Amino acid sequence: MTTSSPLPDPVLRRADPAPGTGGLVDRYGRTATDLRVSLTDRCNLRCTYCMPPEGLDWLPKVEVLTDDEIVRLVRIGVEQLGIREVRFTGGEPLLRPGLPGIVAAATALEPRPEVSLTTNAIGLARVAPALAEAGLDRINVSLDTLDPVRFKQLTMRDRLDDVLAGLAAAQAAGLTPVKVNAVLLHGINDVDAVPLLDYCLEHGYQLRFIEQMPLDAHHAWTRGRMVTAEDILERLSVAHTLTPDTEARGSAPAERWLVDGGPSTVGIIASVTRSFCGTCDRTRLTADGQIRNCLFAREESDLRAALRSGATDDEIADRWRIATLSKLPGHGIDDPSFLQPTRPMSAIGG
């Protein structure tokens, strides 16, 4: 089986940028240009690796950023801090009533960032045309199985047809490439690896498998039960010939493989077993206005309080820069002292 060597550790910087200047640079030389914005912590599915069947205690409305506050922070990121990609996430971002307006405001910025959306696609069939009109560039859809019984088992909802309709609507609206994100769980949907790939190849979607990460609300994740990148490659290789894509990966999280000689590819995001922290270029904004410099960070920096206390754009930009400086060299999952973040994935944003 073909494997990849680990990425080198980032090189330590010897000086920090002066206040009021520069982008989002950490002490290890990485620059954040990709902003993930959570629009809500709420979701209409109950995926077993994310939250319990009864859901979670949602953020009070007063603590959630308003549409204007989100747009202002995105504007500061783009105009002052070098953000070039904006991804709106949740929870489930389609539950945000003002989503098309937020997208339109982001795509109107100069320099124009690439703007995308990660969604479970429930309701996407209805709103895809409006999102395309607002300037959204592309869509990522979370889909872990094509089997209706397993879909209901995984999500606690019987909504597979809605997801598939949303995928088709996104493609018809030109929100391409349509990407599908799948998480495999041992003994539940690990048999779906090949069917998912075949379905995506047939419909022209780009499939990416993601290793399950320790971001579940009930903290039940264990590395021993995780379906690894090697497991996924082994399953796919039973039905297809996979060869490493020679195109430069850059800061992209997915290792790509040509399927049966190409040009179609499949990606694997091995967040746990083949971490790519050394080239990470992301910064994250939660629905309640907290900056997280890593998905697995246990500390956050509050921008909401600054927004609501009358801080200027320059002051907010400096707070964001300072928050970035404390980014650790890696997520530390393999370290015996690793502690799972208090917030689950739905409250952080993907």
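These notes cover the structure that comes with them. What you see is a predicted model; the values in this text were computed from it and never measured.

Attention now moves to the packing of aromatic side chains. Per the counting criterion, the structure on display carries one aromatic pair. Centre to centre, the rings of tyrosine 199 and tyrosine 205 are 6.2 Å apart; their planes meet at 50 degrees, and the pair counts as tilted. What makes tyrosine 199 buried here is its relative accessible area of 16%.

For leucine 136, the position within the fold is in the loop between helix H3 (124-133) and strand S6 (138-142). Looking at leucine 136, the relative accessible area reads 5%, which means it is buried. Residues leucine 136 and valine 115, 21 residues apart in the sequence, show an inter-C-alpha distance of 5.6 Å. Beyond its immediate stretch of four places on either side in the chain, leucine 136 contacts Val103, Thr107, Val115, Ser116, Leu117, Leu131 and Leu175.

Attention shifts here to the state of the cysteines. Note: disulfide means a covalent bond formed between the sulfur atoms of two cysteine side chains. The final tally for this structure, using the stated rule, is zero disulfides. Free cysteine cysteine 47: the closest other cysteine sulfur is in cysteine 43, separated by 6.3 Å. With no disulfide of its own, cysteine 280 lies closest to cysteine 294 among cysteine sulfurs, the gap being 6.6 Å.

Our focus in this paragraph is the sheet that holds strand S8 (residues 206-210). Strand pairing in a sheet is mediated by backbone hydrogen bonds. Such pairs are either parallel or antiparallel. Strands sit in the order S9-S10-S11-S8-S7-S6-S5-S4-S3-S12-S13-S14 across an open sheet of twelve strands; the sheet is mixed. Here the strands that pair on one side only, and so sit at the sheet edges, are strand S9 (242-244) and strand S14 (301-302). Its contacts with the sheet place helix H6 (residues 193-203) against strand S7 (179-182), S8, strand S10 (255-259) and strand S11 (265-269), and it is angled at close to 155 degrees to S8. Sitting on the sheet, helix H7 (residues 229-237) is in contact with S8, S9, S10 and S11, with an inclination near 155 degrees to S11.

Once that is clear, we can look at the pattern of salt bridges. Pairing is possible between side chains of opposite charge, provided their charged atoms come close. Counted under the stated rule, the structure contains 16 salt bridges. Ionic pairing is found between arginine 75 and glutamate 79, a salt bridge with its closest N-O pair at 3.5 Å. Taken together, the residues arginine 75 and glutamate 79, both in helix H1 (residues 67-81) and four residues apart, mark about one turn of the helix. Given the relative accessible area of 25%, arginine 75 is considered partly exposed. Members of the salt-bridge network, linked through shared partners, are Arg72, Arg75, Glu79 and Asp313.

Now for the packing of H1 against helix H9 (residues 313-325). Closest axis-to-axis distance for the H1/H9 pair is 10 Å, and the angle between their directions is 80 degrees. The angle between H1 and H9 falls in the class roughly perpendicular. Only Asp313, Asp314, Ile316, Ala317, Trp320 and Arg321 of H9 make contact with H1, whose side of the interface consists of Arg72, Leu73, Arg75, Ile76, Gly77, Gln80 and Leu81. Grouping the amino acids of the contact of H1 with H9 by side-chain chemistry returns six nonpolar, two polar and five charged.

Let us look at the pairing of S10. Burial along S10 is one-sided: Glu255, Trp257 and Val259 are buried, and none of Arg256 and Leu258, which face the opposite way, are. As defined by bridge partners, S9 adjoins S10 across three bridges and the pair is classed as antiparallel. Directly across from threonine 243, in S10, lies its bridge partner leucine 258. Where S10 lies against S11, four bridges are found, and the strand directions are antiparallel. Bridge pairing in S11 links arginine 256 to glycine 267. Hairpin connection of S10 to S11: five residues between the antiparallel strands, including aspartate 260 at a positive phi of 55 degrees.

Mapped onto the elements of the fold, threonine 107 is located in helix H2 (residues 99-107). C-alpha separation for the pair threonine 107 and valine 86, spaced 21 residues apart in sequence, amounts to 9.3 Å. Those residues in contact with threonine 107 that sit more than four places away from it in its chain are Arg112, Val115, Ala134, Gly135 and Leu136. Looking at threonine 107, its side chain comes within polar contact range of the main-chain oxygen of alanine 134, at 2.8 Å.

With that settled, consider the pairing of strand S5 (residues 114-119). Counted residue by residue, S5 has five buried out of six residues, so it is predominantly covered. As paired elements, strand S4 (residues 85-89) and S5 share four bridges and run parallel to each other. Within S5, the residue paired with valine 86 across the bridge is valine 115. At this point the chain moves from S4, through H2, to the parallel S5, and the crossover so formed is right-handed. As paired elements, S5 and S6 share four bridges and run parallel to each other. Considered in S6, the bridge of threonine 119 is made with valine 141.

With respect to the helices, strands and loops of the structure, leucine 184 is situated in the loop between S7 and H6. Sequence-wise, leucine 184 and isoleucine 232 are 48 residues apart; in three dimensions their C-alpha atoms are separated by 8.4 Å. With residues up to four places along the chain from it excluded, the contact list for leucine 184 reads Asn189, Asp190, Ala193, Phe209, Ile210, Val227 and Ile232.

The first and last C-alpha atoms of helix H5 (residues 160-172) sit 19 Å apart over 13 residues, in line with the 18 Å expected at 1.5 Å per residue. Listed as buried for H5 are Leu160, Val163, Gly166, Leu167, Ala169 and Ala170. Where H5 is buried, its residues touch H3, S6, helix H4 (148-155) and S7.

Definitions and limits used
Residues numbered from 1 in each chain as written. Predicted model: local features only at pLDDT ≥ 70, side-chain atom pairs only at ≥ 80, totals over all residues. Heavy atoms only, no water. Phe/Tyr/Trp six-rings, centres within 6.5 Å; stacked < 30°, edge-to-face > 60°. Buried < 20%, exposed > 50% of the residue type's maximum accessible area, 1.4 Å probe, protein only. Helix = DSSP H or I, 4+ residues; strand = E, 2+ residues; numbered from the N terminus. Contact = heavy atoms within 4.5 Å. Disulfide = S-S within 2.5 Å. Pairing = 2+ DSSP bridges. Axes fitted to C-alpha atoms, helices over the stretch in contact; angles between N-to-C directions. Salt bridge = Lys/Arg side-chain N within 4 Å of Asp/Glu carboxyl O. Parallel < 35°, antiparallel > 145°, perpendicular 65-115°, else oblique. Nonpolar A, V, L, I, M, F, W, Y, C, P; charged D, E, K, R; others polar. Polar contact = N/O pair within 3.5 Å; in protein donor to acceptor, adjacent residues only side chain to side chain. Right-handed = clockwise from strand over helix to strand, strands pointing away. Expected span 1.5 Å × (residues − 1).

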